[in-house]
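One letter stands for each residue in the lines below.
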Amino acid sequence: MNTSSILWVNKYKPKSFEEIIGNYKAISEFRSWLENKLKGKAVKHAALLWGPPGVGKTLTVEVAASTYNLELIQMNASDFRTRYRVERILGRASETYSLLGRGRIILVDEVDGINMAEDRGGLNAIIKLVDLSIHPVVLTANDPWNPNFRELRERCKLIKYSRVNVRSIVSFLRKICLAEGIAADPSALKFIADRSGGDVRSAINDLQSVAFGKRRLTLEDVNWIAFRDRQLDAFEVLRGIFSSSNCRAAKAALSRSTLDYNMLLQWIHENLPLQYTLIEELIGGYEALSRADIYFGRIRSSQDWSLLSYALDLMSAGVAMARRRKFRFVKYNFPERIRLLSQTRTFRSVKNHVLSAIAKKCHVSKRIAGVEYLPFLKVIFELDPETASGIAKWLDLDSASIIFLTGSYDKAERILLRM
Amino acid sequence: MVTATMMLWTEKYRPKNLDEVVDQREVVERVKEFVKRRNVPHMLFAGPPGTGKTSVALALAHELYGEYWRRNVLELNASDERGIQTVRERVKDYARTMPIGDVPFKIIILDEADNMTSDAQQALRRTMELYTRTCRFILIANYSSKIIEPIQSRCAVFRFQPLSNEDIAGRIKMIAENEGVNIDESGLKAILYVAEGDLRRAINTLQAAAALGVVNDKSVYRVVGRANPLEIKEMMELALNGEFIKAREKLRDLMVHYGLSGVDIVRQMHREVFSLTLPEHSKVKLIDKIGEINFRMIEGSDEEIQLSALLAYFALYGEELRDTG
């Protein structure tokens, strides 16, 4: 089966305007501009479709091309970098007809992706295209409000696209599941739609990544998406901090994260020795983390949250400034300690049970039970099953506790057989 | 064949009355006086671990209440109770009912009272006053200086002295004889050495070493070796050799699997530093760092991060050592 290589966003791409979900007003505005333009009426030279990603801007143009039987010439803002390409584009834009005798529609995707500082020329080339083209030109952008785009904006009919509502996304996802033969829990689809933030494309991609090859999709299946997002988020923050060459950049990297600071502290702690292999870097980095932790402690005891900014600055800028060599790429790890703590939860609860039993019988705290009794008990349980079975009865220990104290099933069995 | 119930010897040989208490003669004489008068004040027992504080408190209860002692004594432990609020609640519930027998008050033993913050101690002082008519408090602490002045002034303060080696040896020999344990002179000496005046530790060491058969210096040190995980030394050595990440893994192992607290680990590091193969002046520098990190752990919130920072310093001194020769 090689169907896995087909992206569902393409497989289920709408073929007509009616199939597109959301942004109905924007689409009809666009259609009337295009129809007027095709009839040669005096309208703006170009249309600029702007709004968040994944809501159907490019899709609108693709559907328009097939609906109005136009040849779609699609390019990216980066295509305007080299003169050779620009000339080719301008040439095609000024030809009256294509080889097939059809009209054309020219799409420049993501014009705001152009780098203003380096690419003044690129923007000028796009303006030139808009001015010279005899075919309709459509531009898309997430954010067209950069002052540098003013000249371009003035030449365009601006059409605003918005996030698509959750209900529409859920019903679209349901259609896909139906077609794929997947029984999906409504709560699972709702979860995917909710976290897409109105981005239909990412919702479909997420659905495919969790549902592909399944007959049934539950809320549990989709939960890991959130986990993956958090992980990606942490990777970016770490890279941001460890590669910063000034305090401001390091602080900015930290503040971009949606993770809570305690979790971030664990991520930095886990990966600091992977990133900083020079001893001076290690010392400097840990000194900063240690100082940050002291502020966290002071916040906890004083409940004075105004101290938080010092802690955050130390764990970002403080750690970043410890770097002595050029930043290099390393693979980051999930905080091992958090994994350990969740894996050993049963272990710790059994241990806690044993300590409570000792504390009760021996008139001591659990802390003292752990330090002054547990190590000796372990020796007895390991080596002397006879005595151990008596003490186990006295302390009223269950088999899990006995296994904990002996450290092995075999030795625990020798004790349990005597009880 | 099992005849008597088996139990930990620290409990089996805990004194049943004040005369059985090992040493602490002054304390015992004064407490006996209170028993004779059937009236006791609030008391503060202060002294090092394993010197008989809890034993005296329990023996006092036995002598006052006889067979009803359990119903007239509430044992609380400051380090196990969740905050002063729960201490107050439990005292309130307990103080509501009348004592059983002819003594007109009940006893509340609060162990590890010096682990309470001074705010909690202030609240405790008010609680003590509130129930003075029906309850007497026995506070137990390692350091009387960590108990706030207003509480000390309301208590009769008893200072427990570290036990002498003769006293501990006498007790150990008695238990060994009673239990039919084969102990030789080297075993006894080793127990005295590791116990450092702490009778509880001495008895626990004896019982664990007895599980190995003969109690001699070898079996005692084997037990102690297990009780003080070698991993701490290994962890320090890994860090000194520049294997920071492996050292940190050991640290996690100690904290998660052995369940040692950060403070336990840092104290043991302090003890072990002297046995590392390092120039003496480096040991002094490390001691200073260990102290600094111990201090930061008290102020900070994440012991593993603080200890990792300490391991980084071990790595630094290790590298300096290799550089210079």
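Scroll up for the structure.
Residues numbered from 1 in each chain as written. Chains lettered and ligands numbered in written order. Predicted model: local features only at pLDDT ≥ 70, side-chain atom pairs only at ≥ 80, totals over all residues. Heavy atoms only, no water.

J.: Provide a residue-level description of the overall build of chain B, including the pertinent values.
T.: In terms of regular secondary structure, chain B is built from 16 helices and five strands. The proportion of buried residues among the 325 residues of chain B is 54%. Sequence-distant contacts, at least 24 apart, represent 74% of the contacts inside chain B between residues at least 6 apart. (Helix = DSSP H or I, 4+ residues; strand = E, 2+ residues; numbered from the N terminus. Buried < 20%, exposed > 50% of the residue type's maximum accessible area, 1.4 Å probe, protein only. Contact = heavy atoms within 4.5 Å.)

J.: Break down the nonpolar core for me, with residues and values.
T.: Residue and element names in this part refer to chain B. Counting residues in hydrophobic clusters, the biggest one holds 69 residues, and the most contacted among them are Ile265, Met269 and Phe314. Looking at this core, the element that brings in the most residues is helix α16 (residues 303-324), giving 11 residues. In this structure Met269 touches Ile232, Met235, Met236, Ile290, Leu307, Leu310, Leu311 and Phe314, once residues within four positions along its chain are discounted. (Core = buried A, V, L, I, M, F, W, Y, C linked by side-chain atoms within 4.5 Å.)

J.: Before we move on, can you summarise the interface of chain A and chain B with the specific residues and values?
T.: Where interface size is given, it is often the accessible area lost as the parts come together that is meant. Residue-level contacts link 52 residues of chain A with 53 residues of chain B. Taken together, both faces of the contact between chain A and chain B bury some 4900 Å²; the carbon and sulfur share is 59%. Across the contact surface, chain A and chain B share six salt bridges. Note that Arg367(A) is salt-bridged to Glu112(B), the shortest N-O span being 3.4 Å. Inspection of the chain A/chain B interface yields 21 residue pairs in polar contact (both at pLDDT 80 or more). For the side of chain A that touches chain B, the secondary structure elements donating two or more residues are α12 (261-275), α13 (279-302), α15 (336-343), α16 (345-362), α17 (366-383) and α18 (385-395) of chain A. Counting residues per element, the side of chain A that touches chain B draws most heavily on α13(A), which supplies 14 residues. Of the residues contributing to the side of chain A that touches chain B, the split by class is 27 nonpolar, nine polar and 16 charged. (Buried area = accessible area lost by both parts, 1.4 Å probe. Salt bridge = Lys/Arg side-chain N within 4 Å of Asp/Glu carboxyl O. Polar contact = N/O pair within 3.5 Å; in protein donor to acceptor, adjacent residues only side chain to side chain. Nonpolar A, V, L, I, M, F, W, Y, C, P; charged D, E, K, R; others polar.)

J.: Explain the pattern of salt bridges to me, using residue names and the numbers behind them.
T.: Throughout the structure, instances matching the rule amount to 33 salt bridges over all chains. Here Glu62(A) makes a salt bridge to Lys13(A), at a shortest N to O gap of 3.2 Å. One end of the pair, Glu62(A), is in helix α3 (residues 57-67); the other, Lys13(A), is in the loop between α1 (8-11) and α2 (24-38), with 49 residues separating them in the sequence. Residue Glu62(A) is classed as partly exposed on the basis of its relative accessible area, which comes to 24%. The shortest N-O distance in the salt bridge between Asp313(A) and Lys251(A) comes to 3.5 Å. Within this pair, whereas Asp313(A) is found in helix α14 (residues 308-320), its partner Lys251(A) is found in helix α11 (residues 247-255), the two being separated by 62 residues in sequence. What emerges from the salt-bridge pattern is a single network uniting Glu270(A), Arg248(B), Arg252(B) and Glu304(B).

J.: Outline helix α3 (residues 53-65) of chain B, supporting the account with residue identities and numerical values.
T.: Residues and elements named next belong to chain B. For α3, spanning 13 residues, the distance from its first C-alpha to its last is 19 Å, which sits close to the expected 18 Å at 1.5 Å a residue. For α3, the tally of buried residues reaches 11 of 13 residues, placing the bulk of the element in the interior. Those residues of α3 lying buried are Lys53, Thr54, Ser55, Val56, Ala57, Leu58, Ala59, Leu60, Ala61, Leu64 and Tyr65. Turning to α3, the residues buried within the fold contact α2 (25-36), β1 (43-46), α4 (69-72), β2 (73-77), β3 (106-111) and β4 (135-141). Of the residues trailing α3, Gly66 is marked for its positive phi of about 60 degrees. (Expected span 1.5 Å × (residues − 1).)

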